[in-house]
Structures are given as C-alpha cells and as structure tokens.
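Residues per chain are reported as follows:
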Amino acid sequence: MISSLINIIFDVLEYAILIEVILSWVYAGRSNQYIDLLHKITNPLLEPGRKIQDRYFNNMMVDFSPIIALFIIMILRKIVFFIL
C-alpha cells in the first residue's frame, strides 16, 4: 500500500518534469495558474541541476537540469524502496 503511494509520487514528479520540459519548448514565456503551480513543483527539483550546470558547464546552451533531476529522482526512488 505505502510502496504504491510512494511510487505514484515519484511518477508524478517525473511527469511534472517532462511536462515542464515540453512546455519550455512550445509555451515559453507564457504563464497561467497551472504553469505557475507546475513551476512551484518542479523548481526545487530542477534547481540543484541548474547549480551543477552553472558551476561545471557554464557556457552550454542546452539546459540539462531536467536530466539531472530525473537521475536524482531515480536514485532517491531506489534508496526509498531499498529502505522499505
């Protein structure tokens, strides 16, 4: 029961990041209440990746923070399920 709930939470976070990426391509610069909510959910997940990219790959034109965030979520999922 609890493991399926945790799995759903991780899935929602992954889908939120993917939606954020797609919206950054097709809906860039626009905002509404749903996009603002999405930013509130994904920014804490994307911020560590942005800091890593700014520190080590400052001149890159592509934002790799979603890939880093998905990798961190994958590691966290494995840790949580190992503990459970």
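Cut-offs applied
- Positions within a chain are numbered from 1, following the residues in the order the chain's sequence is written.
- Where local features are concerned, this predicted model is filtered to residues with pLDDT of at least 70; where side-chain atom pairs are given and counted, the filter is 80 or more; whole-chain, interface and lining totals use all residues.
- Excluded from the side-chain calculations are hydrogens and water; all other atoms, namely the structure's heavy atoms, are used.
- The secondary structure listing takes helices from DSSP runs of H or I that are at least 4 residues long and strands from runs of E that are at least 2 residues long, numbered from the N terminus.
- Buried, partly exposed and exposed residues are distinguished by accessible area as a fraction of the type maximum, computed with a 1.4 Å probe on protein chains only: under 20%, between the cut-offs, and over 50%, respectively.
- Between two residues, a contact is recorded if the distance between any of their heavy atoms is within 4.5 Å.
- His is not counted, nor are the chain ends; Lys and Arg add positive charge and Asp and Glu add negative charge.
- For the purpose of locating charges, the reference atoms are NZ of Lys, CZ of Arg, CG of Asp and CD of Glu.
- Any Lys or Arg side-chain nitrogen found within 4 Å of a carboxyl oxygen on Asp or Glu counts as a salt bridge.
- Axis lines are fitted to C-alpha atoms, over the contacting stretch for helices. Their N-to-C directions set the angle, which ranges from 0 to 180 degrees.
- Orientation is classified from the angle alone, with under 35 degrees giving roughly parallel, over 145 giving roughly antiparallel, 65 to 115 giving roughly perpendicular, and any other angle giving oblique.
- Throughout this entry, Asp, Glu, Lys and Arg are counted as charged residues, while Ala, Val, Leu, Ile, Met, Phe, Trp, Tyr, Cys and Pro are counted as nonpolar. The remaining residues, Gly among them, count as polar.
- Two joining distances apply to patches: 9 Å for like charges and 5 Å for nonpolar side chains (Val, Leu, Ile, Met, Phe, Trp, Tyr), and every residue must have over 30% relative accessible area and no salt bridge.
- Only the protein chains shown count as cover for residues, and the accessible areas themselves come from Shrake-Rupley with a 1.4 Å probe.

1. Quick notes on the overall build of the protein chain
A count of helices and strands for the protein chain gives three helices and zero strands. The order of helices and strands in the protein chain, counted from the N terminus, is α-α-α. Counting the 84 residues in the protein chain, one finds 20% classified as buried. Expressed as a percentage of contacts within the protein chain between residues at least 6 apart in sequence, the contacts between residues at least 24 apart total 58%. Of the side chains in the protein chain, 7 bear a positive and 7 a negative charge, and the two mean positions are spaced by 3 Å.

2. Some words on the side chain of Glu-20
Its place among the elements puts Glu-20 in helix α1 (residues 2-26). No salt bridge is formed by the buried Glu-20; its nearest oppositely charged neighbour, Arg-50, is found at 5.0 Å. For Glu-20, the residues in contact, after removing those within four places along its chain, are Leu-38, His-39, Thr-42 and Leu-46.

3. A word on the packing of α1 against helix α3 (residues 65-83)
Their axes nearest at 10 Å, the elements α1 and α3 cross at an angle of 175°. Looking at the two axes, α1 sits roughly antiparallel to α3. On the side of α1, the interface is formed by Ser-3, Ile-6, Asn-7, Phe-10, Asp-11, Leu-13, Glu-14, Ile-17, Leu-18 and Val-21, while α3 contributes Pro-66, Ala-69, Leu-70, Ile-73, Leu-76, Arg-77, Val-80 and Phe-81. Class assignment for the residues of the contact of α1 with α3 results in 13 nonpolar, two polar and three charged.

4. Concerning the environment of Asp-36
Residue position: Asp-36 is located in helix α2 (residues 33-56). Classification of Asp-36 by relative accessible area gives partly exposed; the value is 34%. Sequence separation between Asp-36 and Ile-75 is 39 residues; the distance between their C-alpha atoms is 27 Å.

5. Points about a nonpolar patch on the surface
Residues Ile-52, Tyr-56, Phe-57, Met-60, Met-61, Val-62, Phe-64 and Ile-67 make up a contiguous nonpolar surface patch of about 870 Å² in total accessible area. Structurally, Ile-67 is set in helix α3. Residue classification places Ile-67 among the exposed positions, given a relative accessible area of 53%.

6. Regarding the pattern of salt bridges
In total, this model carries three salt bridges according to the counting rule given. In this structure, the salt-bridge partner of Asp-11 is Arg-77, at a minimum N-O distance of 3.0 Å. Of this pair, Asp-11 sits in helix α1 while Arg-77 is found in helix α3, placing the two residues 66 residues apart along the sequence. Note that Asp-63 and Arg-50 form a salt bridge whose closest N and O atoms lie 3.9 Å from each other. You can see Asp-63 sitting in the loop between α2 and α3 and its partner Arg-50 sitting in helix α2, a full 13 residues away along the chain.

Geometric values such as these leave the question of function open.
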